[in-house]
Amino acid sequence: MITEHTFQKESILIEWVPLSILSFFSLMFLFFTITFDTAFMIISSALLSIIFASFPLFLLRYLRSFTVIKVIDNTIKVIQKDGAVEYSIPHDLRRVRIDADDLQIELKKNTQRFVLRSHFIKNKSKFHKLFDQIIKEHPPSEDKVILNASVIEIMERLKNN
């Protein structure tokens, strides 16, 4: 029986406080760039302005890179504005990074690459359980990914530490 699970992306307001703080610092250093007289202060303020502005811009770019994530059996389908790409699990699974609240899966197919971060999709816990189930039902070969415990157990252990 093939089951399909659809995961919507999280709202852009997921981290509005840190994004607004970084944007404020960026604008503040941009203002300092305009008002300072010495070359060192102008260059350093401009660099700090670019650094503080880069994280919100990368985050917005990532959230605009997909619209919906669909998981069908052991396939992850990333639906983007210009089409959809299907990545199979675990065959295209190159790297998994597990944090206490975030699961990052680097998916590759031919020349296309997509890093799926569960932090930016709705129903994160459901996705974590589903991914854990997929790994148990279709274990990866040892040369691709070695997981000694389930994804949920690893995340719980990280939360407790």
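Right above here is the structure, for reference.
A brief structural summary. Predicted, not measured: the structure shown is a model, and the values here were computed from it.

## Digging into the overall build of the protein chain
When helices and strands are tallied, the protein chain shows 4 helices and 7 strands. In sequence order, the protein chain lays out its α and β elements as β-α-α-β-β-β-β-β-β-α-α. Residue pairs at least 24 apart in sequence account for 55% of intrachain contacts in the protein chain once pairs closer than 6 positions are excluded. Split by element, the accessible area of the protein chain, about 10200 Å² in all, is 59% carbon and sulfur.

## Here's the deal with the packing of aromatic side chains
Where two aromatic rings form a pair, the distance of their centres and the angle of their planes describe that pair. The tally for this structure, following the rule as stated, stands at 12 aromatic pairs. A ring pair is formed by Phe24 and Phe25, whose centres lie 6.0 Å apart and whose planes are at 50 degrees; its orientation type is tilted. With centroids separated by 5.5 Å and ring planes inclined at 45 degrees, the aromatic side chains of Phe32 and Phe36 adopt a geometry described as tilted. Phe36 gets classed as partly exposed once you look at its relative accessible area, which sits at 28%. Members of the aromatic cluster, connected to one another through ring pairs, are Phe24, Phe25, Phe29, Phe31, Phe32, Phe36 and Phe52. Stacked on the ring of Phe66, the Lys or Arg Lys9 has its end atom at 6.0 Å from the ring centre.

## A look at the pattern of salt bridges
Oppositely charged side chains can pair when the atoms bearing their charge come close. According to the stated counting rule, one finds 9 salt bridges in the structure shown. A salt bridge links Glu10 to Lys124; its shortest N-O distance comes to 2.9 Å. With Glu10 in the loop between β1 (4-8) and α1 (16-35) and Lys124 in helix α3 (residues 124-137), the pair connects residues that are 114 residues apart, well separated along the chain. On the basis of relative accessible area, Lys124 is assigned to the partly exposed category, the value being 23%.

## Regarding the pairing of strand β4 (residues 83-88)
Both faces of the sheet carry side chains from a regular strand, because those side chains alternate between them. Sheet analysis places strand β3 (residues 75-80) next to β4, joined by 6 bridges and oriented antiparallel. Within β4, the residue paired with Val78 across the bridge is Val85.

## Observations regarding the environment of Ser11
Structurally, the position occupied by Ser11 is in the loop between β1 and α1. Classification of Ser11 by relative accessible area gives partly exposed; the value is 35%. In this structure, the C-alpha to C-alpha distance between Ser11 and Ile121, residues 110 residues apart in sequence, is 8.4 Å.

## Details of the pairing of strand β2 (residues 68-72)
Sheet topology note: the β1/β2 ladder contains 5 bridges and is antiparallel. Counted as the bridge partner of Phe7 is Ile69 from β2. Where β2 and β3 come together, 5 bridges link them in antiparallel fashion. Along β3, the bridge assignment pairs Val68 with Ile79. Here β2 folds back onto β3 in antiparallel fashion, the turn holding 2 residues, of which Asp73 has a positive phi close to 55 degrees.

## A look at the sheet that holds β2
Read from one edge to the other, the open sheet built from 4 strands follows the order β1-β2-β3-β4, with strand pairing classed as antiparallel. In the strand order of this sheet, the two ends are held by β1 and β4, each with one partner. Between one strand and the next, the sheet's axes are offset by a mean angle of 20 degrees, whatever the strand orientation.

## Overview of unusual backbone geometry
If you check the backbone angles, Asp73 has positive phi at about 55 degrees while not being a glycine. Tracing the backbone through its elements, the reader meets Asp73 in the loop between β2 and β3. Judged by its relative accessible area of 37%, Asp73 falls in the partly exposed class.

About the criteria used
- Residues numbered from 1 in each chain as written.
- Predicted model: local features only at pLDDT ≥ 70, side-chain atom pairs only at ≥ 80, totals over all residues.
- Heavy atoms only, no water.
- Helix = DSSP H or I, 4+ residues; strand = E, 2+ residues; numbered from the N terminus.
- Contact = heavy atoms within 4.5 Å.
- Areas by Shrake-Rupley, 256 points an atom, 1.4 Å probe, with all protein chains shown as cover.
- Phe/Tyr/Trp six-rings, centres within 6.5 Å; stacked < 30°, edge-to-face > 60°.
- Buried < 20%, exposed > 50% of the residue type's maximum accessible area, 1.4 Å probe, protein only.
- Lys NZ or Arg CZ within 6 Å of the ring centre and 35° of its normal.
- Salt bridge = Lys/Arg side-chain N within 4 Å of Asp/Glu carboxyl O.
- Pairing = 2+ DSSP bridges.
- Axes fitted to C-alpha atoms, helices over the stretch in contact; angles between N-to-C directions.

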